[in-house]
Amino acid sequence: MKRCLALAALLALACGTGAPRAAASPPPPPPSVAPEPSPSPHPLPSAPGSVFLIVMENQNFDQALKGPYTAELAAQYSLATNYHAVTHPSLPNYLALTSGSTWGIADDGYHRLPAGGLGAQLDQAGLSWKAYMEAMDRGCFNSGYPYALKHNPFAYYGGACPANVVPLNRLEADLAAGAPRFVWITPDLCHDTHDCPVQAGDDFLAGLIPGLLATPAWQNHGLLLITWDEAFSADNRVPAILVTPGVWKRQSDARYDHYSLLATVEDWLGLPRLALAGQASAMRDLVT
């Protein structure tokens, strides 16, 4: 993808529902109840802007930053240099990012979890949100490659495809109409660098992010976060880039992880923290 491509060129059609695909191996029984929100220790003050979160795939810290646009973004704004995924493989990391728990899952199969997670929390708080999935052309459960169900955590909570989960090609119109308070973006398996070189992901971000930063939803105390689900290295260290107006050229070597990112998102939106996010440190040194 060239940097000059508009958001309208991103592929996908309408979101629907369907029967979940069977897990590759028998799933462990999930907990009987969803993780409960907990009080936030030393929370960030909530902010009026939107939170945008983009999750990339499977790169070690140094490799993820080899793309020139990604490296420029990390240098210009804020970079967590000691940030870690919480486990392997992909799915439990996505669940950690959206519920504060891996639910004891250690595979990428489909597991119907109790209703809950960040999406339900946003609904309960009356905050608008959407999760945009690139290449999702037949709903959460029936879309084919290069869409990946394991990278769509919202379809696991309650075993259904929420109406808030939509194809990525709807993003441009939604931004023009007024961005939701929380925006999740999952690129397809090429653009997230799972199956394609880092440059493909860098080009994708270069085509997407300028449009996000041009919105009033970001410019009015908004927050953009980019991270990678997991690394190949033993320490599972990946970058986390935080982009917020007026905060420039910062780095932090404090140890953070996916629970820290969830805590940061929930604090920014004025939500109580879910599960292990309640014990995590928000990345306040990178956004205030």
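Computed from a prediction, not measured in an experiment: that's the story for all the values here.

(A) Looking closely at the overall build of the protein chain. Scanning the protein chain from terminus to terminus reveals 9 helices and 12 strands. In the protein chain, buried positions account for 58% of the 288 residues. Long-range pairs, those at least 24 residues apart, make up 78% of the contacts in the protein chain with a sequence separation of at least 6. Surface exposure of the protein chain reaches about 10,900 Å², of which carbon and sulfur atoms provide 56%.

(B) Structural view of the confidence of the model for the protein chain. Residue-level pLDDT values for the protein chain average 89, and 84% of them are 70 or greater. The secondary-structure element of the protein chain with the lowest mean pLDDT is strand β1 (residues 37-38), recorded at 58, while strand β5 (residues 129-133) shows the highest, at 99. Below pLDDT 50 for its whole length, residues 1-29 participates in 76 contacts with residues either more than four positions away or in separate chains.

(C) Main features of the pattern of salt bridges. Counted under the stated rule, the structure contains 4 salt bridges. For Lys150, the salt bridge is made with Asp108, and the minimal N-O distance between the two is 3.6 Å. Within this pair, whereas Lys150 is found in the loop between α5 (139-142) and β6 (165-167), its partner Asp108 is found in the loop between α3 (90-99) and α4 (117-125), the two being separated by 42 residues in sequence. A salt bridge links Asp267 to Arg273, with the shortest nitrogen-to-oxygen separation between them at 2.6 Å. Note on accessibility: Asp267 and Arg273 belong to one class, buried.

(D) The arrangement of the pairing of β5 in detail. By the criterion of burial, β5 is predominantly enclosed, with 4 of the 5 residues buried. Relative to strand β7 (residues 182-186), β5 runs parallel, the two sharing 5 bridges. The residue bridging Ala131 from the neighbouring strand is Trp184, located in β7. Here β5 pairs with β6 via 3 bridges, running parallel. Each bridged residue has a counterpart across the sheet, and for Met133 the counterpart in β6 is Pro167.

(E) Structural detail: the side chain of Ser143. Mapped onto the elements, Ser143 comes out in the loop between α5 and β6. At a separation of 2.6 Å, a polar atom in the side chain of Ser143 contacts the main-chain amide nitrogen of Arg138. Within the structure, the side chain of Ser143 is placed 2.7 Å from the backbone oxygen of Gly139, a separation counted as a polar contact.

(F) Here's a closer look at unusual backbone geometry. Residue Pro89 is bonded to the preceding His88 through a cis peptide linkage, with omega at -5 degrees. Inspection of the secondary structure assignment puts Pro89 in the loop between β4 (83-84) and α3. The omega torsion across Tyr145 and Pro146 is 10 degrees, close enough to zero to call that bond cis. Note on placement: Pro146 falls in the loop between α5 and β6.

(G) Fine view of the sheet that holds β5. In spatial order, the strands read β6-β5-β7-β2-β8-β9-β3-β10; together these 8 strands make up an open sheet with mixed pairing. Edge strands, defined here as strands with exactly one partner in the open sheet, are β6 and β10 (250-252). Between one strand and the next, the sheet's axes are offset by a mean angle of 20 degrees, whatever the strand orientation. Packed on one face of the sheet, helix α9 (residues 258-268) meets β2 (51-56), β7 and β8 (223-228) and runs near 165 degrees to β8.

(H) How the structure looks around the packing of helix α2 (residues 68-76) against helix α7 (residues 198-213). Closest axis-to-axis distance for the α2/α7 pair is 7 Å, and the angle between their directions is 55 degrees. Relative to α7, the element α2 is oriented oblique. Where α2 approaches α7, its residues Pro68, Tyr69, Thr70 and Leu73 are matched on the opposing element by Gln199, Asp202, Leu205, Ala206, Ile209 and Pro210. Counted by class, the contact of α2 with α7 contains 7 nonpolar, 2 polar and 1 charged residues.

(I) Here's a closer look at the side chain of Glu230. Summarising the element assignment, Glu230 is placed in the loop between β8 and β9 (240-243). One buried charged residue, Glu230, forms no salt bridge at all, with the nearest opposite charge on Lys150 at 7.0 Å.

(J) How the structure looks around the packing of aromatic side chains. Enumeration according to the criterion identifies 8 aromatic pairs in this entry. For the pair Tyr77 and Trp218, a centre-to-centre distance of 6.4 Å together with 90 degrees between the ring planes defines the contact as edge-to-face. Of this pair, Tyr77 sits in the loop between α2 and β3 (78-80) while Trp218 sits in helix α8 (residues 216-219), and the two are 141 residues apart along the sequence. Look at Tyr77 and you get buried, because its relative accessible area is 6%. Judged by relative accessible area, which is 7%, Trp218 ranks as buried. Between the aromatic rings of Trp103 and Tyr157, the centroid separation amounts to 6.5 Å while the plane-to-plane angle is 50 degrees, which identifies the pairing as tilted. One end of the pair, Trp103, is in the loop between α3 and α4; the other, Tyr157, is in the loop between α5 and β6, and 54 residues separate them in sequence. As far as the burial class goes, Trp103 and Tyr157 line up, both buried. Three or more aromatic residues link up through ring pairs in this structure, and these residues are Tyr94, Trp129, Phe154 and Trp184. The ring of Phe61 carries Arg237 above its face, with NZ or CZ at 4.1 Å from the centroid.

Rules used in this analysis
Residues numbered from 1 in each chain as written. Predicted model: local features only at pLDDT ≥ 70, side-chain atom pairs only at ≥ 80, totals over all residues. Heavy atoms only, no water. Helix = DSSP H or I, 4+ residues; strand = E, 2+ residues; numbered from the N terminus. Buried < 20%, exposed > 50% of the residue type's maximum accessible area, 1.4 Å probe, protein only. Contact = heavy atoms within 4.5 Å. Areas by Shrake-Rupley, 256 points an atom, 1.4 Å probe, with all protein chains shown as cover. pLDDT = per-residue confidence, 0-100. Salt bridge = Lys/Arg side-chain N within 4 Å of Asp/Glu carboxyl O. Pairing = 2+ DSSP bridges. Polar contact = N/O pair within 3.5 Å; in protein donor to acceptor, adjacent residues only side chain to side chain. Axes fitted to C-alpha atoms, helices over the stretch in contact; angles between N-to-C directions. Parallel < 35°, antiparallel > 145°, perpendicular 65-115°, else oblique. Nonpolar A, V, L, I, M, F, W, Y, C, P; charged D, E, K, R; others polar. Lys, Arg positive; Asp, Glu negative; His and termini not counted. Phe/Tyr/Trp six-rings, centres within 6.5 Å; stacked < 30°, edge-to-face > 60°. Lys NZ or Arg CZ within 6 Å of the ring centre and 35° of its normal.

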